[in-house]
Amino acid sequence: MAELVKVGELHPDHLRVTAMSTLEIGTLTARAGIPLEELTFVQPSLEAAYMELTKDSLEFSA
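Positions within a chain are numbered from 1, following the residues in the order the chain's sequence is written. In keeping with the predicted nature of the model, local features appear solely for residues at pLDDT of at least 70, side-chain atom pairs appear and are counted solely at 80 or more, and the whole-chain, interface and lining totals rest on all residues. The side-chain figures draw on all heavy atoms in the structure; neither hydrogens nor water molecules are used.

Visitor: Just checking my understanding: could you explain the overall build of the protein for this structure?
Guide: Note on conventions: DSSP H or I runs of at least 4 residues are helices, E runs of at least 2 residues are strands, and numbering of each starts at the N terminus. Scanning the protein for helices and strands turns up two helices and two strands. Traced from its N-terminal end to its C-terminal end, the protein shows the element sequence β-β-α-α. Only protein chains enter the accessibility calculation, which uses a 1.4 Å probe; a residue whose area is less than 20% of its type maximum is buried, one above 50% is exposed, and one in between is partly exposed. Counting all 62 residues of the protein, 6% fall into the buried class. At a minimum sequence separation of 6, the contacts of the protein that also span at least 24 residues come to 22%. Each accessible area value is a Shrake-Rupley result obtained with a 1.4 Å probe; residue values ignore everything except the protein chains displayed when judging cover. Here the protein displays about 5800 Å² of accessible surface, and carbon together with sulfur accounts for 55% of that area. Residues count as neighbours in contact if any of their non-hydrogen atoms are within 4.5 Å of one another.

What follows is the structure, encoded as structure tokens:
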């Protein structure tokens, strides 16, 4: 299945797929004859997205 979809992270018990909708993933795997046990859409919170974007920033004060 990892060859069909754009895998962001590979784990022993699940795949983290990026840049594809759940509909695209389900359609591709169904056409390939691969049944899915579960397909979950996870969207980070605004706070989590901000923290990811600013994780390398340093704050300086005098």
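After presenting the structure, the write-up continues.
Visitor: Got a minute to help me understand the confidence of the model for the protein in this structure?
Guide: Known as pLDDT, the predictor's confidence for each residue is given on a scale from 0 to 100. On average, the protein scores 79 in pLDDT, and the residues at 70 or more come to 74%. Here strand β1 (residues 7–10) stands out as the element of the protein with the lowest mean pLDDT, 64, in contrast to helix α1 (residues 22–31), whose mean of 88 is the highest.

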